[in-house]
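# Chain and residue survey
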Amino acid sequence: MCQGIIRRNNELVFEGEHTDPASFFLSVYRDLGFSYPKFHKMDNLCKLGWLASEVLLKDDFDLGRYEPEEIGLVLANHNSSLDDDTRYWETAKEAASPSLFVYTLPNIVIGEICIRNNFKGEHVFYIQQDFDADFIANQVNYLIDNNILQACICGWMDVLGAEYKASLFLVEKQEGGQSVPFSAENMNAIFKAI
């Protein structure tokens, strides 16, 4: 998902006018027929991550195959929660906004995704200079290969001002103990194509 376009498995899912992120996220939410009242209270990073995870999991993911503790997340971005931090700082000059303060941590998006899907496994949010597919792949492989998780959503989601980008991947353990083949090279190729 990036600047007005959403792709899933390289197929166009949604294309909208490139307006501000909040308007685009709302149009995606409505057009794809999602129904989740908490969506309207989320900040832009949470909306981006929530929508990207909904599109990722839509139709193909069998949640019933796993216990809640077997599904986790490994996410990263460059700007942390700076989009909300800046707005919160502006409100603090008059009267600090508690509704913005809630979102001044980037891992809140993980909470929103986990609450929506009842995921209770290991999860982490890293702040990185650039998308580091090798690092993310190593983290995910460790969690899957050591049977800490059986499925993991991993990738990148970042929002700052009018710019936003999300690239998420679903990794599931296959029968027989082998991870579904995924690699840093493949993640990088997909990330750069967005």
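Definitions and cut-offs
Residues numbered from 1 in each chain as written. Predicted model: local features only at pLDDT ≥ 70, side-chain atom pairs only at ≥ 80, totals over all residues. Heavy atoms only, no water. Helix = DSSP H or I, 4+ residues; strand = E, 2+ residues; numbered from the N terminus. Rg over C-alpha atoms; globule rule 2.2 N^0.38 Å. Buried < 20%, exposed > 50% of the residue type's maximum accessible area, 1.4 Å probe, protein only. Contact = heavy atoms within 4.5 Å. Areas by Shrake-Rupley, 256 points an atom, 1.4 Å probe, with all protein chains shown as cover. Lys, Arg positive; Asp, Glu negative; His and termini not counted. Charge placed at Lys NZ, Arg CZ, Asp CG, Glu CD. Phe/Tyr/Trp six-rings, centres within 6.5 Å; stacked < 30°, edge-to-face > 60°. Axes fitted to C-alpha atoms, helices over the stretch in contact; angles between N-to-C directions. Parallel < 35°, antiparallel > 145°, perpendicular 65-115°, else oblique. Left-handed = near helix turned anticlockwise from the far one by under 90°. Nonpolar A, V, L, I, M, F, W, Y, C, P; charged D, E, K, R; others polar. pLDDT = per-residue confidence, 0-100. Core = buried A, V, L, I, M, F, W, Y, C linked by side-chain atoms within 4.5 Å.

### Some words on the overall build of the chain
Regarding its fold elements, the chain presents seven helices and six strands. Secondary structure elements of the chain occur, N-terminal to C-terminal, as β-β-α-α-β-α-α-α-β-α-β-β-α. Taken over C-alpha atoms, the radius of gyration comes to 16 Å for the chain, in line with the 16 Å a tight globule of 194 residues would show. Structurally, the chain occupies a C-alpha span of about 60 × 30 × 30 Å along its principal axes. For the chain, with 194 residues in total, the buried portion stands at 48%. In the chain, of all internal contacts separated by at least 6 residues, the share reaching a separation of at least 24 is 62%. Summing over all exposed atoms, the chain offers an accessible surface of approximately 10,000 Å²; the carbon and sulfur share of this is 50%. Charge separation in the chain, taken as the distance between the mean sites of 15 positive and 29 negative side-chain charges, equals 4 Å.

### Focus on the environment of methionine 157
Considering the arrangement of structural elements, one finds methionine 157 in strand S5 (residues 151-160). Every residue in contact with methionine 157, bar those within four places of it in the chain, is listed here: Leu45, Leu48, Gly49, Leu75, Ala76, Asn77, Val109, Ile113, Phe125, Lys165, Ala166 and Leu168.

### Examining the packing of aromatic side chains
All chains considered together, the criterion is met by 15 aromatic pairs. Ring geometry for phenylalanine 24 and tyrosine 164: centres 5.6 Å apart, planes at 25 degrees, overall stacked. Placement of phenylalanine 24 in helix H1 (residues 21-31) and of tyrosine 164 in strand S6 (residues 163-172) is noted, with a sequence separation of 140 residues between them. For the residue pair phenylalanine 24 and tyrosine 164, the accessibility class agrees, reading buried in each case. With 5.6 Å between their ring centres and 80 degrees between their planes, phenylalanine 34 and tryptophan 50 make a pair best called edge-to-face. Taken together, the residues phenylalanine 34 in the loop between H1 and helix H2 (44-57) and tryptophan 50 in helix H2 connect sequence positions 16 residues apart.

### Brief notes about unusual backbone geometry
In most cases, non-glycine residues show a negative phi, while peptide bonds are predominantly trans. Non-glycine residue asparagine 9 carries a positive phi angle of around 50 degrees. Along the chain, asparagine 9 turns up in the loop between strand S1 (5-8) and strand S2 (11-15). The backbone phi angle of asparagine 147 is positive, close to 55 degrees, even though this residue is not glycine. Examined against the element boundaries, asparagine 147 turns out to sit in the loop between helix H6 (133-145) and S5.

### Examining the packing of H1 against H2
At their nearest, the axes of H1 and H2 sit 10 Å apart, and the two run at 30 degrees to each other. Here H1 is positioned roughly parallel relative to H2, judged by the angle of their axes. Of the two possible hands of crossing, H1 and H2 adopt the one that is left-handed. Taking contact as the criterion, the partners of Pro21, Ala22, Phe25, Val28 and Tyr29 in H1 are, on H2, Asn44, Lys47, Leu48, Trp50 and Leu51. Residue composition of the contact of H1 with H2, by class: eight nonpolar, one polar and one charged.

### Some details on the confidence of the model for the chain
Mean pLDDT over the chain: 90, with 96% of residues reaching 70 or higher. No element of the chain has a lower mean pLDDT than helix H4 (residues 98-101), at 72, and none a higher one than strand S3 (residues 71-77), at 98.

### Details of the nonpolar core
One broad trend across soluble globular proteins is that nonpolar side chains are buried collectively. Counting 40 residues, the largest nonpolar core has Met1, Leu51, Phe119 and Met157 as its most contacted members. The dominant element in this core, judged by the number of residues it contributes, is H2, at nine residues. If sequence neighbours within four positions are ignored, phenylalanine 119 has contacts with Leu57, Phe61, Leu63, Pro68, Ile71, Leu73, Ile113, Cys114 and Ile153.

### Some thoughts on the environment of phenylalanine 61
Relative to the elements of secondary structure, phenylalanine 61 occurs in the loop between H2 and S3. Look at phenylalanine 61 and you get buried, because its relative accessible area is 15%. Once the C-alpha coordinates of phenylalanine 61 and leucine 170 are considered, the two residues, 109 residues apart in sequence, prove to be 8.9 Å apart. Non-local contacts of phenylalanine 61, meaning those with residues more than four positions away in its chain, are made with Tyr66, Ile71, Phe119, Ala151, Leu170 and Glu172.

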